[in-house]
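Okay, here's what each chain looks like letter by letter:
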Amino acid sequence: MAKPKVLVTRRWPVAVEAQLSELFDTELNTSDKPLTPEDFKSALQNYDAVLPTVTDKIGASALELARPQTRILANYGVGYSHIDLDRVGQHGMVVTNTPDVLSECTADLAMTLMLMAARRAGEGERELRAGDWTGWRPTHLVGSKVSGKTLGIIGYGRIGQEMAKRAHHGFGMKIIAYNRSKIAPDILAQCDATQVDSIDELLPLCDFISLHCPGGAENRHLIDARRLNLMRSDAFLINTARGEVIDEMALSQALWFETIGGAALDVFDGEPNINPVLQNCDNLVMLPHLGSATREAREAMGFRVLDNLRDFFDGREPRDRVN
Ligand code: DGY
């Protein structure tokens, strides 16, 4: 029987690419450039499986086709708000993601951002590299203590829980969680966390707020000007979830007028383009979507995609089906 035809839309770790090529009739995008909408449309006509990433927006225009050949979109990444699940479903395509395997690394990066923002690490590095450091002084780049403070976690899924573990067990932080559904008591107990009923209730209670909810239309601008106003003037906002969750214009105002202490972002609305209003905020740390960027996580994500493809083409329900 002919092997299924599989398209990988970006470069992946070599070990995973090698295994994919062994198991399937695999086409690699060696240019590593995002596919254009036209390329994507033609991919859906020519491959049994397409393996997209967050940089492939799969919406109405890609899915205009009457009868695509593609039966499964096996996404390389846990977030899938770039895929229009309703439309994809209308074409009978299965969508899978890669949960679990990147939770620890993404939480590690959220901790990095929290510490960088609190301790003004970005400002310090910029000063040094510009040759502007004049030496130690008691009032130089004084930041905020992290240990023992209160961390609010919005979205208490796998990554949110990993963040809570690090903050609570490593830094003695008090954890307040907001989640759409009820969090099981044993999960809360792991970090002595308290669940609140609303984001509005959480915001004024916290020194740090870390976002771990999904993106997409339903969470667009979840953190808007009104909610930024509910934060304490010395509190910090951390985002490793999706850029659209924060209204970036409102955030830039809050940073500029110092109605909050600072922020740290790994994700941006419309990335890789960065809203210019963010560029001039000194009290903002920015990283280029590095949440899962470790050798270990990126390989594990690839192998998880492979598991899903094997499930699907062997006639089983893919373990990480999301639609
Ligand atoms: C994820 O896994 O969702 C990362 O943000 C990359 O898409």
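Not measured: the values here are computed from a predicted model.

Our next topic: the overall build of the protein. Per the secondary structure count, the protein includes 12 helices and 12 strands. Since a compact globule built from 323 residues should have a radius of gyration of about 20 Å, the 21 Å found for the protein is in line with a globular shape. Projected onto the principal axes, the alpha-carbon positions of the protein cover approximately 70 × 50 × 35 Å.

Let us now look at the packing of helix H1 (residues 14-23) against helix H12 (residues 295-313). Where H1 contacts H12, the axes come no closer than 8 Å and their chain directions differ by 15°. It follows that H1 is roughly parallel to H12 by the angle criterion. In the crossing of H1 with H12, the sense of the turn from one axis to the other is right-handed. When H1 is examined against H12, the residues Ala 15, Val 16, Gln 19 and Leu 20 are found in contact with a partner set consisting of Glu 299, Gly 302, Phe 303 and Leu 306. Grouping the amino acids of the contact of H1 with H12 by side-chain chemistry returns five nonpolar, two polar and one charged.

A large share of strand S6 (residues 150-154) lies buried, amounting to four of its five residues. Examined bridge by bridge, S6 and strand S7 (residues 174-178) share five bridges and lie parallel to one another. Residue pairing across strands places Ile 153 opposite Ala 177, the latter belonging to S7. In terms of strand pairing, S6 meets strand S9 (residues 208-211) through four bridges, oriented parallel. Residue Ile 154 lies in a different strand from S9, and its bridge partner there is Leu 211.

Glancing now at the site of the ligand. As a structural note, the neighbourhood of the ligand is formed by Thr 53, Val 54, Gly 77, Val 78, Gly 79, Leu 102, Gly 291 and Ser 292. Taken together, the residues of the shell around the ligand sort by class into three nonpolar, five polar and no charged.

The next point concerns the sheet that holds S9. What the seven strands build is an open sheet, ordered S8-S7-S6-S9-S10-S11-S12; its pairing is parallel. Each edge of the open sheet carries a strand with a single partner, namely strand S8 (194-196) and strand S12 (284-286). Direction aside, neighbouring strands of the sheet carry axes that sit 20° apart on average. Docked against the sheet, helix H6 (residues 158-171) engages S6, S7 and S9, running at close to 175° with respect to S6.

Counting residues in hydrophobic clusters, the biggest one holds 89 residues, and the most contacted among them are Met 114, Ala 117, Ile 175, Phe 236, Ile 238, Ala 263 and Ala 264. Broken down by element, this core gets its largest block of residues, 10 residues, from helix H4 (residues 103-118). Structurally, this core is a two-domain feature, drawing no fewer than three residues from each of domain 1 (5-101 + 295-313) and domain 2 (103-286). Not counting residues within four places of it along the chain, the set of residues in contact with Ala 117 comprises Phe 236, Ile 238, Gly 262, Ala 263, Ala 264 and Val 285.

Domain assignment breaks the protein into domain 1 (5-101 + 295-313) and domain 2 (103-286). At the junction of the two partners, domain 1 supplies six residues and domain 2 supplies seven residues. Residue classes in the side of domain 1 that touches domain 2 are distributed as two nonpolar, two polar and two charged.

Residue Glu 271 is joined to Pro 272 through a cis peptide bond whose omega torsion reads 15°. The residue Asp 32 is not glycine, and still its phi comes out positive at about 60°. As for its position among the elements, Asp 32 is in the loop between strand S2 (25-28) and helix H2 (37-46). The phi dihedral of Leu 141 falls on the positive side, at around 40°, and the residue is not glycine. Relative to the helices and strands, Leu 141 resides in the loop between helix H5 (121-129) and S6. The exposure class of Leu 141 is exposed, given the 12 C-beta atoms found within 10 Å.

This brings us to the UniProt feature "domain: D-isomer specific 2-hydroxyacid dehydrogenase NAD-binding" (unreviewed entry) in the protein. Taking the numbering used here, the UniProt-annotated feature "domain: D-isomer specific 2-hydroxyacid dehydrogenase NAD-binding" (unreviewed entry) corresponds to residues 111-291. Between the C-alpha atoms that bound residues 111-291 the distance is 10 Å, and the span itself is 32% helix and 15% strand.

With that out of the way, let us pick up the sheet that holds strand S1 (residues 5-8). Read from one edge to the other, the open sheet built from five strands follows the order S2-S1-S3-S4-S5, with strand pairing classed as parallel. Looking at the sheet topology across the chains shown, the edges are occupied by S2 and strand S5 (94-96). Strand after strand, the sheet turns through a mean of 15° between neighbouring axes, direction not considered. Taken together, the three bridges between S1 and strand S3 (residues 49-51) define a ladder with parallel strand orientation. Each residue of the ladder has a partner; that of Val 6, found in S3, is Ala 49. In this fold H12 packs onto S3, strand S4 (72-74) and S5, with an angle of close to 160° to the strand it touches most, S4.

Calculation rules
Counting of residues starts from 1 at the beginning of each chain's written sequence and follows it residue by residue. Owing to the predicted nature of the model, reporting of local features is limited to residues with pLDDT of at least 70; listing and counting of side-chain atom pairs is limited to 80 or more, with chain, interface and lining totals taken over all residues. Secondary structure elements follow DSSP: runs of H or I no shorter than four residues count as helices, runs of E no shorter than two count as strands, and numbering proceeds from the N terminus. Both definitions apply: the radius of gyration is a C-alpha atom measure, and the globule rule equals 2.2 Å times residues to the power 0.38. Under this scheme, a helix contributes an axis fitted over its contacting stretch, all axes are lines through C-alpha atoms, and angles between N-to-C directions fall in the 0 to 180 degree range. Oblique is the label for every angle not falling under 35 degrees (roughly parallel), over 145 degrees (roughly antiparallel), or within 65 to 115 degrees (roughly perpendicular). The crossing is said to be left-handed when, going from far helix to near helix, the turn is anticlockwise and less than a right angle, and right-handed when the turn is clockwise. Working definition of a contact: two residues with C-beta atoms, positioned from the backbone, lying within 7 Å. As a working rule, the residues Ala, Val, Leu, Ile, Met, Phe, Trp, Tyr, Cys and Pro are called nonpolar, Asp, Glu, Lys and Arg charged, and the rest polar, with Gly in that last group. Put simply, a residue is buried when 20 or more other C-beta atoms lie within 10 Å of its own C-beta and exposed when 12 or fewer do; between those, it is partly exposed, and each C-beta is set from the backbone. Strands are labelled as partners when DSSP assigns at least two bridges between them. The criterion for a residue being near a molecule or strand is simple: its C-beta atom, placed using the backbone, must lie within 6 Å of it. For this entry, the nonpolar core is defined as buried Ala, Val, Leu, Ile, Met, Phe, Trp, Tyr and Cys residues connected by C-beta atoms within 7 Å. All the domain ranges listed were derived from an automatic or database domain assignment. UniProt positions are given in the numbering used here, feature names are shortened, and annotations may be inferred rather than shown by experiment.

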